[in-house]
Amino acid sequence: MTNAILTGLMLGGMYALTAMGLTLQYGVARIMNLSYGEFLIAAAFASHWLFTGWALSPFLGLALVIPVAFAVSFAVYKLLLTPLVRRARTRDALEVDSILATFGLAFIVQGSMLSLFGGAYYSYSYLAFPVHLLGETIAANRLAALAVTILLGAVLYLALTRTRAGTAVRAVAVDPSAAQLVAIDVARTSALTFALGGALVAAAGVLVSTFLTFSASSGVVFTMKALIIVVMGGIGNILGCVIAGLLLGVSEALVASFVDPGLTLAVNFALFLTVLLVKPAGLFGRATR
Amino acid sequence: MTPRHIATGLVALAALTLLALVPRLVNPYHLALAISLLQYTVLATAWGLFSGPTRYVSLATTAFFGIGAYTVAVLGEVLPWPVVLLIAAALGMVIAALVGLSTLRLSGVHFVIFTFGLAELVRQLVVWFEVNKSRVLGRYVFVDITQSDIYWQLLLLAVATFALGWLIKRSRLGFALRIIGEDETVAAHCGINTTTAKVALFAISATIMTLAGAIMAPRWTYIEPSIAFNPMISFQVLIMALLGGTHRLWGPALGAIPLTLLFELLGARFPNTFTIIFGCIFLLIVYLLPRGVAGLLESLRIKLRGAPSRQVVA
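Reading the values: the criteria
Residues numbered from 1 in each chain as written. Chains lettered and ligands numbered in written order. Predicted model: local features only at pLDDT ≥ 70, side-chain atom pairs only at ≥ 80, totals over all residues. Heavy atoms only, no water. Helix = DSSP H or I, 4+ residues; strand = E, 2+ residues; numbered from the N terminus. Rg over C-alpha atoms; globule rule 2.2 N^0.38 Å. Buried < 20%, exposed > 50% of the residue type's maximum accessible area, 1.4 Å probe, protein only. Contact = heavy atoms within 4.5 Å. Areas by Shrake-Rupley, 256 points an atom, 1.4 Å probe, with all protein chains shown as cover. Lys, Arg positive; Asp, Glu negative; His and termini not counted. Charge placed at Lys NZ, Arg CZ, Asp CG, Glu CD. 1 Å grid on protein atoms, 1.4 Å probe; cavity = no way out; pocket = protein on both sides within 12 Å on 5 of 7 lines; lining within 4 Å. Points joined across faces, edges and corners; volume = space filled by probe spheres on them. Nonpolar A, V, L, I, M, F, W, Y, C, P; charged D, E, K, R; others polar. Polar contact = N/O pair within 3.5 Å; in protein donor to acceptor, adjacent residues only side chain to side chain. Buried area = accessible area lost by both parts, 1.4 Å probe. Salt bridge = Lys/Arg side-chain N within 4 Å of Asp/Glu carboxyl O. pLDDT = per-residue confidence, 0-100.

### What about the overall build of chain A?
If you tally the helices and strands in chain A, you get 11 helices and two strands. When its helices and strands are written in sequence order, chain A yields α-α-α-α-β-β-α-α-α-α-α-α-α. At 19 Å, chain A has a C-alpha radius of gyration in line with the 19 Å of a compact globule built from 289 residues. With 289 residues in all, chain A has 54% of them scored as buried. Of all intrachain contacts in chain A linking residues separated by at least 6 positions in sequence, the fraction that spans at least 24 positions is 77%. Summed over all atoms, the accessible surface of chain A reaches about 12400 Å², with 70% contributed by carbon and sulfur. When the 15 positive and 9 negative side-chain charges of chain A are each reduced to one mean point, those points stand 11 Å apart.

Quick look at the structure:
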């Protein structure tokens, strides 16, 4: 039981991290990014390449991967998504258009990775020794990844709640037109937040790659889990994202060890639907409409 | 009935007769291609039937297609063919109604997320059931159905789909759906039960997709969850409907025909880079043809008729 809960918390921490970037992209920039998981896997491949080719530790690799991912995401927003933002008359229209556009993008990224790396599964061995915690044995790389996750989450939370720029970001998330009235550059804030989300997903990809095997086509699973967590936690809510992620991880681990490992996705959907039916705005979301 | 109506009817009848004769006229390869064309025409039209007026993006096409195919794999040898088809249709309808009732009350994005994973969810449940209960993964489909039979059944399904779409457009349901598509709040204030209307249409569209899957099942002799619930079907149908344009009943078919041929060609010639090409086609359509070919044709027609007459109308 302790083992299952502990595994669940580790898994949940990873889920929370993977969903954090998406909650920013969707909550602030209003882009429902269906190519999210593909970018996560791309960062995982980058980390794999840096580690096996250059013997660079993934945690140092973060310092390289994060700025690159920030720049790439910024470019994607400027080139690919700004035309859609301009074209969209309503928020719903932008949502549909962004779903379709990022969907096409997902195929392009996935196809590129498939032709570069093939369909095989990749992994590398980093910090792969056991650590004893609360009478249970855990791999050190999972623990390290969890520590970095907590650090990133805390920094992000403080930046959003304690700084001027963070306040501007939250203002755009709540009401873009009102934010404009108090001299916030909504277009710029959206672009930068989207890029920040891209940097976060890259960080998640690097961390996940230290303890999980991945392949060019495993992005979809991450997109789906991230979407479910974002909606469950309340769109744009970092704290909700963490709690929803942990909830998902623990329930998955419990079902996997006590019922059947083949039913984890069913658990995800059951949780997702239950939360939505009880609280359509998510666990911590305010009803905006 | 004006002479024009009669003429249209006669042309349609002639075209249908010609289409019905296809299996007698062509070689097996072209028959297989014709079956693919009909399959995607049916699926894309059914997709447009629901997503066109409501503007909900459904990614669950393959979930229903797979349910249909699997019903045949399980029951095909046990029961007579029409009964199997009826059971498949009923299953598709019930599952669609359940999914619709639980997700269509929520905003459109939640629906996208749920349908995005639905095929995967159904696949996992089928795998779980097969491994734990029936202890087989993968089944052989032995039914006495020829390629020509598949073709004719699909043609019949296509005609039924178009007829159904035509009837819905002219019914109270169709009118209600158009208002929902324009503005859901307005629709609710007009006293339209938006959930019932959406769920009903979703169930109709899903039933057609399930039937298409059931009819197509005998084409494979061996079936397993990853074949039946292939997510590419959902994505291809979505992009076909977008290319054609979903605000017209005949729109999705306009997209289904060229793209089926294109994918057939590309899949055979560039199997490794197919995904990249698919993504590029997807982006091109989203950016260049937001209203599809049907929308393009309409704006061309307005232009050809000349600006003056348009001003009079306006």
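### With respect to the layout of surface pockets
Its volume calculated, the second largest pocket comes out at about 1000 Å³. Lining the second largest pocket are 39 residues, with A:Ser217, A:Ser218, A:Val220, A:Val221 and B:Glu120 sitting closest to its centre. Of all the elements in the fold, those that place two or more residues in the lining of the second largest pocket are helix 1 (2–27), helix 4 (91–117) and helix 9 (219–233) of chain A together with helix 5 (108–134), helix 11 (231–244) and helix 13 (274–288) of chain B. Split into classes, the residues belonging to the lining of the second largest pocket amount to 23 nonpolar, 11 polar and five charged.

### Comments concerning the side chain of A:Thr193
Residues and elements named next belong to chain A. Its location among the elements puts threonine 193 in helix 8 (residues 186–209). A polar contact is formed between the side chain of threonine 193 and the backbone oxygen of threonine 189, at a distance of 2.5 Å. In this view, threonine 193 contacts Leu24, Val28 and Val169; residues no more than four positions away in its chain are not counted.

### What to know about the interface of chain B and chain A
On the side of chain A, 43 residues touch chain B, which itself brings 36 residues to the contact. Between chain B and chain A, roughly 3300 Å² of surface is buried when both sides are summed, and carbon and sulfur atoms account for 81% of that area. Considering only the surface of chain B that becomes buried against chain A, B:Ile113, B:Phe116 and B:Tyr287 emerge as the three largest contributors, covering 19% of it. The interface formed by chain B and chain A includes zero salt bridges. Seen at the junction of chain B and chain A, the total is four residue pairs in polar contact (both at pLDDT 80 or more). Where the side of chain B that touches chain A is concerned, the elements lending two or more residues are helix 4 (81–103), helix 5, helix 11 and helix 13 of chain B. Of the residues contributing to the side of chain B that touches chain A, the split by class is 24 nonpolar, nine polar and three charged.

### Section: the confidence of the model for chain B
All names here are of chain B. For chain B, the mean per-residue pLDDT works out to 85, and 97% of the residues sit at or above 70. Low pLDDT, under 50, characterises residues 309–314; the predicted model gives this stretch one contact beyond four residues in sequence or across chains. Across the interface, the model reports ipTM at 0.82; the global pTM reads 0.86.

### Some thoughts on the environment of A:Arg142
By secondary structure assignment, the location of A:Arg142 is in helix 5 (residues 140–162). A:Arg142 sits 65 residues away from A:Leu207 along the chain, and the two C-alpha atoms are 8.6 Å apart.

### Focus on the side chain of A:Thr149
Assignment of secondary structure puts A:Thr149 in helix 5. For A:Thr149, the residues in contact, after removing those within four places along its chain, are A:Gly13, A:Leu17 and A:Leu207.

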